[in-house]
Amino acid sequence: MAIFIGKFHWGLLFLGLLVLTSGSHFNKTFKLEEVVSENFAALDGYSHAVSPNGKSYSLSIENPLSIFPSGDNSPSCEGDLKGIGSLNTTCQLNTSLHLEKDLFISGRGNLEILSNVSVICPIAGCLVHINISGDFKLGQYTSIVAGTIVIDAQNVSLEDSSSLNTNALGGAPPAQTSGTPHGIDGAGGGHGGRGASCTKGEGKDEGDNWGGDVYAWSTLSKPWEYGSRGGTTSIEKNLGGGGGGRIMIIASSILDVNGTISAEGGHVGIEGGGGSGGSIIIHSPKLKGIGSVSASGGTGWAGGGAGRIAIDCYSKQKSVKIMVHGGNSIGCLENAGAAGTMFDSVLQSLTVSNGNRSTLTETLLLEFPTYPLWSNVFIESHARVAVPLYWSRVQVRGQISLSEEATLGFGLEDYPFSEFELMAEELLMSDSTVKVYGALRMSVKMLLMWNSKLEIDGGADAMVGTSLLEASNLMVLKERSVICSNANLGVHGQGRLNLSGIGDTIKGQRLFLSLFYVIHVGSGSMLQAPLDEESESDLAPKLQCESDTCPEELIYPPEDCSVNASLSFTLQICRVEDIIVDGLVKGSILHVHRARTVVVNPTGSITASELGCKGGVGKGQVLSSGAGGGGGHGGKGGAGYFNNNLSKGGKEYGNVDLPCELGSGSGGGNSSSEGKTAGGGIIVMGSKEHPLWKLDIFGSVRADGESLEQVTECQTAELVGGSGGGSGGTLLLFLQTLTLANNSLLSTAGGSGGHVGGGGGGGGRVHFHWSSIPTGDEYVPIANINGTIFTRGGNGSDNGQAGSDGSISGKECPNGLFGLFCVECPVGTYKDVDGSDAALCLPCSPKELPYRAEHIYVRGGVTQSSCPYKCISEKYRMPHCYTPLEELIYTFGGPWLFGLLLSGLLVLLALVLSVARMKFVGNDDHSVPTTPHESQIQHSFPFFQSIDEVREINRAEESQSHVHRMYFMGPNKFGEPWHLPHSPPDQITQIVYEDAFNRFVDEINCFAAYQWWEGAVYSILSVLVYPFAWSWQQWRRRKKVQRLRKFVRSEYDHACLRSCRSRALYEGLKVSGMRS
């Protein structure tokens, strides 16, 4: 069956149908309007080309469902196709068909091609089109072979070992394309990817040459172009493999692939190049099975490039293998054809995969669509992709992923002058490479690299812009991943930058890192600028070695942290909250600006060692036959000595109080650059306006000069003098607090002189510029120093002299503080002026310190000459540290005057008390005369009187009628007061109640006891003024008797007496005492 399409005039399309198997011819003419209205709904997506003589015509089809009318125009199942049944019900083909023309099958039923049946049209570009309303099934070991295969059905099923095959049967590729290579090199054909070439140009490899080129980029989402034929190795005959054909499958419900759908390029031997893959379109809601879909390139002397596949399936099983890899190259095994493209229309994602076939040949990505943006781009399995156009933008809504040794290149190696943009949500790289020739502007939210490289080659032209890499959320490098630029490189973000471990590196000629929340340089990883290799290009940083003035931007850096190649920095970290260094940070002029904390852990190092000047202001002197003198900086360089010739060392230069100069080098004994050493670089942390809040060093921060250890010889193999060592550089630290832990190191040491007789380099400079030093009660230590600070000069070799030590300085300390780290002046000293010299802490005056006192610690140091002190014991009183007695004595003028006054006072008091005693004792003498016996008793004890004997009445008859006297026991002292025994005497047992009497005795004894303070007063007076003590005792005794009288007379109810009358009258008990 053949279909002829001829364009005679606008509005008419002639279609001819020929069934070759039966010998019948069906010719039918249709108007174009009818065809479009019935069957050509939205036909712009693929090209259809047939003619009686094989000439191709192109028809653009958007979304083809059918390009031919249905119904009676289709061959019959039983008559024409030799099958069983009907195309309007179920047709089963059980006989193979060998076609010489196109075949179109249409019907409203089902079509099944039974096992071991084939439909073959071996003519390039031959069409087999099946358009049925029901299901289409391809049985086991069944195949359809043609140049173009179109299947449109409800369900399409390919069973095991079945195939739709258009391999090497593609028609002519589009006009004005170069898919087929020229020449007789046996190069591969191109389509979705370039064809390989095994021919090497002079000074080039196979990757710099390629076979057929790519085409049909603009229609990769709906590809409908044939693959191209491979190149030949013969002038007489084209021996290249044919290009792959075209396949379109439209399944309204399910496409079940357990066989193969193949539009591969032709496979040939060593006589020609492989053909390129063709085009495959699959449209189905669901794609399942365990089969394969392939538009790969063919194998040949050089492999063909793969074709293009478009998949439009909402549900797709991963078990269906989709392959668009290049063909193998027999002539250059490492350079297979380039990968093709696989576009997922549902996900709007592009996949370029080379099936793990190594290649040096590229797949080109041209202009990316701006609307709608693609979601993802996946480059996999050794695919090598290039974006060759100048000023190209690669932009997707989702991620760009490179894996399995894939490569993405921007620009051309010979023309690295363009700028490229890469914009995505994520850039994921695993065992892959991104290579940029020119400058790159990358903007992603997340950059994850695993054993991958991002290399930027800016050529040697300073006009090429700085590359800017922005990862707003996260940037992680792991497993020896590298970001490298031989030009200026800026890396920005708002989240975390993590260099995870060994080999992870970011480096450039100039490197600017900014705006991250945390930067972590893991153990074994590195940040570096400039590169190790010396370069004379315009992109290499130029150090201001001959200037002895400080660049202003080191002290007052710009606030915006933008990349500025005109500044002197080679590596700047700006506006980063926390910087954690477990690896290596390396730069000639390294600056940390507007950061909060920097932590250098034990395995970490920040270094500018050996990255300073090889000449410089302090360059050591060099003699033609003698050793070189060491470079000078913070200290003079040591002189070199060789063959009785002395080479002077470099001079000392720079500002001690605010250093910011590069270290100087020394020339060697020969004129070549081999024997020259470099000084140390500059490390600046913080600035005057934005100091670093905290610097914790557990590892090292170094800017040492270079040492040259090897022996230097001239061209005649004669030994010459060794080079001098480079001088140390500068560490300028604007800090709030510093921790220098055990085994940590701050160093600007000079380098050692080289053999033989080289002078040592001078030491560099270290300066601590403290900000907001707390004073007074707010003082806290600003530094905790347990490590080592080196500014020593380098050793000289043999008779060469050592370099002088450099300087260590700090900001002037306020009153009370001294030293580099502004610590408090020692106890017993004071400081009332600004400065850091320990001699400013002056001793406190000993005249102002009492002999029982000692100076005390004052927070923030003592700022006045009157130093505070305290008494050595609490028993002494401030301010003179006297005892209470001494304080009293010195209050009255000292011991002599106080003794004189006290003696006079005692005499006076004694006279007064004597007079008062006589007066008080006389007034108490109002008792009746007593008998001698009574007088003897009354002289010692008070006693109770009976009811008939009351002392106050002075009636003899009453005092003589008492029943019994009870005397108080005890000496009536403060420690032993009076007391009555509890058991009543026999004389009164008949007139008292014993229990009540005992209670009365308890109360009496309580009143008779003295308070503690009374005894205390007596003791004090006994020590100080004894006459007062005796008078106090007598007075308290009289008060005690009066209190006992009052209690018995008016307060006690006399309940212990048996007599009711005595209890009622309150006169049964009396208390009396002696006159004394």
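A quick note: this is a predicted structure, and the numbers were derived from the prediction, not measured.

Some thoughts on the overall build of the protein
Each helix and strand in the protein was counted, giving ten helices and 67 strands. When burial is assessed residue by residue, the protein has 53% of its 1076 residues classed as buried. For the protein, restricting intrachain contacts to residue pairs at least 6 apart in sequence, the fraction spanning at least 24 positions comes to 61%. Approximately 47,200 Å² of the protein is accessible, and the part contributed by carbon and sulfur atoms is 52%.

A word on the pairing of strand 44 (residues 578-581)
Here four bridges tie strand 41 (residues 518-521) to strand 44, and the two strands are oriented parallel to one another. Counted as the bridge partner of His520 is Ile580 from strand 44. Pairing between strand 44 and strand 47 (residues 597-600): four bridges, direction parallel. Bridging from a neighbouring strand, Ile580 pairs with Val599 of strand 47.

Quick look at the confidence of the model for the protein
The share of residues in the protein with pLDDT of 70 or more is 85%, and the mean pLDDT across the chain is 83. Confidence drops under a pLDDT of 50 for residues 1-72, and excluding neighbours within four residues, the segment shows 154 contacts in the predicted structure. Low pLDDT (under 50) marks residues 669-673, which in the prediction has ten contacts with non-local residues, meaning those over four places away or in another chain.

Thoughts on the state of the cysteines
The tally for this structure, following the rule as stated, stands at eight disulfides. The disulfide partner of Cys871 is Cys881, and the gap between their sulfur atoms is 2.2 Å. Disulfide Cys871-Cys881: the torsion about the S-S bond is -100°, which places it as left-handed. In this pair, Cys871 sits in strand 65 (residues 869-871) while Cys881 sits in the loop between strand 65 and helix 3 (884-891), placing the two residues ten residues apart along the sequence.

With respect to the nonpolar core
In terms of nonpolar packing, the biggest core is built from 90 residues, with Ile483, Ile506, Leu527, Ile606, Phe768 and Trp770 touching the most fellow members. A total of seven residues in this core trace back to one element, the largest contributor, which is strand 35 (residues 433-450). Setting aside residues up to four positions removed in sequence, Trp770 forms contacts with Leu735, Gln736, Thr737, Leu738, Ile782, Ala783, Lys811, Leu820, Phe821 and Cys822. With 47 residues, the next largest nonpolar core counts Leu158, Ile249, Ala263 and Met342 among its residues.

Some words on the environment of Asp135
The residue Asp135 is located in strand 13 (residues 135-138) in this model. You can call Asp135 partly exposed: its relative accessible area is 33%. Separated by 25 residues in sequence, Asp135 and Asn110 have C-alpha atoms that sit 4.7 Å apart. Excluding residues that lie within four positions of it along the chain, Asp135 makes contacts with Gly109, Asn110, Leu111, Ala153, Gln154 and Asn155. A distance of 2.9 Å separates the side chain of Asp135 from the side chain of Asn155, its partner in a polar contact.

A word on the packing of helix 8 (residues 1012-1024) against helix 9 (residues 1026-1051)
It is the contact of helix 8 with helix 9, at a shortest axis distance of 6 Å, that shows an interaxial angle of 155°. The angle between the axes of helix 8 and helix 9 places the two elements in the roughly antiparallel class. Contacts between helix 8 and helix 9 pair Trp1013, Glu1014, Val1017, Tyr1018, Leu1021, Ser1022 and Leu1024 from the former with Tyr1026, Phe1028, Ala1029, Trp1030, Trp1032, Gln1033 and Arg1036 from the latter. Looking at the contact of helix 8 with helix 9 residue by residue, the class counts come to ten nonpolar, two polar and two charged.

Looking at the side chain of Gln348
For Gln348, the position within the fold is in the loop between strand 25 (341-344) and strand 26 (349-353). Polar contacts involving the side chain of Gln348 include one to the main-chain carbonyl oxygen of Ser345, which spans 2.9 Å. Once residues within four sequence positions are removed from consideration, Gln348 is found in contact with Phe343, Pro372, Trp374, Ser375, Asn376 and Arg397.

Structural notes on the pattern of salt bridges
A side chain of one charge can pair with a side chain of the opposite charge if their charged atoms are brought near each other. Summed over the entire model, instances satisfying the criterion amount to 19 salt bridges. In this structure, Arg194 and Glu362 form a salt bridge, with 3.6 Å as the shortest nitrogen-oxygen distance. Of this pair, Arg194 sits in the loop between strand 16 (163-165) and strand 17 (246-257) while Glu362 is found in the loop between strand 26 and strand 27 (363-364), placing the two residues 168 residues apart along the sequence. Judged by its relative accessible area of 8%, Arg194 falls in the buried class. Where Glu577 meets Arg596, a salt bridge forms, and the shortest distance between an N and an O atom there is 3.4 Å. Of this pair, Glu577 sits in the loop between strand 43 (571-574) and strand 44 while Arg596 sits in the loop between strand 46 (589-593) and strand 47, placing them 19 residues apart in sequence. Looking at Glu577, the relative accessible area reads 34%, which means it is partly exposed. On the basis of relative accessible area, Arg596 is assigned to the partly exposed category, the value being 35%.

As for the environment of Val394
Position of Val394 among the secondary structure elements: in strand 30 (residues 393-395). Linking Val394 and Glu421, residues 27 residues apart in sequence, is a C-alpha distance of 6.0 Å.

A short note on unusual backbone geometry
Glycine aside, a negative phi is what most residues show, and trans is what most peptide bonds show. Between His755 and Val756 the backbone carries a cis peptide bond, its omega angle lying at 5°. On the secondary structure map, Val756 appears in the loop between strand 55 (745-747) and strand 56 (765-770). Note that the residue after Met878, namely Pro879, is joined by a cis bond; omega there is 5°. Residue placement: Pro879 occurs in the loop between strand 65 and helix 3. Within the chain, His382 stands out as a residue other than glycine whose phi angle is a positive 70°. Within the fold, His382 resides in the loop between strand 28 (376-380) and strand 29 (384-387). Although it is not a glycine, Cys881 adopts a positive phi angle of roughly 55°. With a relative accessible area of 0%, Cys881 lands in the buried category.

Describing the sheet that holds strand 18 (residues 260-262)
Judged by pairing direction, the sheet is parallel, and its seven strands sit side by side in the order 8-11-14-16-18-21-24 without closing on themselves. In this open sheet, the two edge strands, each paired with only one partner strand, are strand 8 (97-98) and strand 24 (321-323). Note that strand 18 and strand 21 (residues 292-294) share three bridges and pair parallel. In the sheet register, Thr260 faces strand 21, and the bridge partner there is Ser292.

Side note on the packing of aromatic side chains
Under the defined criterion, the tally for this structure stands at 19 aromatic pairs. Both rings, one in Phe1000 and one in Tyr1052, keep their centres 4.6 Å apart while their planes meet at 35°; by these two values the pair is tilted. Highlighted residues: Phe1000 in helix 7 (residues 994-1008) and Tyr1052 in the loop between helix 9 and helix 10 (1060-1065), separated in sequence by 52 residues. What makes Tyr1052 buried here is its relative accessible area of 5%. Put simply, the rings of Phe997, Phe1000, Phe1007, Phe1047 and Tyr1052 touch in pairs and so form one group of aromatic residues. Positioned above the aromatic ring of Phe790 is the side chain of Arg792, whose terminal nitrogen or guanidinium carbon lies 5.2 Å from the ring centre. If you follow Arg1036 out to its NZ or CZ, it ends over the ring of Trp1035, 5.0 Å from the centre.

Thoughts on the packing of helix 7 against helix 9
One can describe the packing of helix 7 onto helix 9 by two numbers: an axis separation of 9 Å at closest approach and a directional angle of 150°. In terms of their interaxial angle, helix 7 and helix 9 are classed as roughly antiparallel. Along this stretch, helix 7 crosses helix 9, giving a crossing that reads as right-handed. Across the interface between the two elements, Phe1000, Glu1003, Ile1004, Phe1007 and Ala1008 from helix 7 touch Lys1040, Arg1043, Leu1044, Phe1047, Val1048 and Glu1051 from helix 9. Its residues assigned to classes, the contact of helix 7 with helix 9 shows seven nonpolar, no polar and four charged.

Some details on a nonpolar patch on the surface
On the surface, a cluster of nonpolar side chains totalling about 580 Å² of accessible area is made up of Leu885, Leu888, Phe892, Leu897, Leu900 and Leu901. For the nonpolar patch, the elements supplying multiple residues, two or more each, are helix 3 and helix 4 (895-923). Take the nonpolar patch: its biggest share by element is three residues, from helix 4. By secondary structure assignment, the location of Leu885 is in helix 3.

Rules of the game
- Residues numbered from 1 in each chain as written.
- Predicted model: local features only at pLDDT ≥ 70, side-chain atom pairs only at ≥ 80, totals over all residues.
- Heavy atoms only, no water.
- Helix = DSSP H or I, 4+ residues; strand = E, 2+ residues; numbered from the N terminus.
- Buried < 20%, exposed > 50% of the residue type's maximum accessible area, 1.4 Å probe, protein only.
- Contact = heavy atoms within 4.5 Å.
- Areas by Shrake-Rupley, 256 points an atom, 1.4 Å probe, with all protein chains shown as cover.
- Pairing = 2+ DSSP bridges.
- pLDDT = per-residue confidence, 0-100.
- Disulfide = S-S within 2.5 Å.
- Core = buried A, V, L, I, M, F, W, Y, C linked by side-chain atoms within 4.5 Å.
- Polar contact = N/O pair within 3.5 Å; in protein donor to acceptor, adjacent residues only side chain to side chain.
- Axes fitted to C-alpha atoms, helices over the stretch in contact; angles between N-to-C directions.
- Parallel < 35°, antiparallel > 145°, perpendicular 65-115°, else oblique.
- Nonpolar A, V, L, I, M, F, W, Y, C, P; charged D, E, K, R; others polar.
- Salt bridge = Lys/Arg side-chain N within 4 Å of Asp/Glu carboxyl O.
- Phe/Tyr/Trp six-rings, centres within 6.5 Å; stacked < 30°, edge-to-face > 60°.
- Lys NZ or Arg CZ within 6 Å of the ring centre and 35° of its normal.
- Left-handed = near helix turned anticlockwise from the far one by under 90°.
- Patch = residues over 30% accessible without salt bridge, like charges linked within 9 Å, V, L, I, M, F, W, Y side chains within 5 Å.

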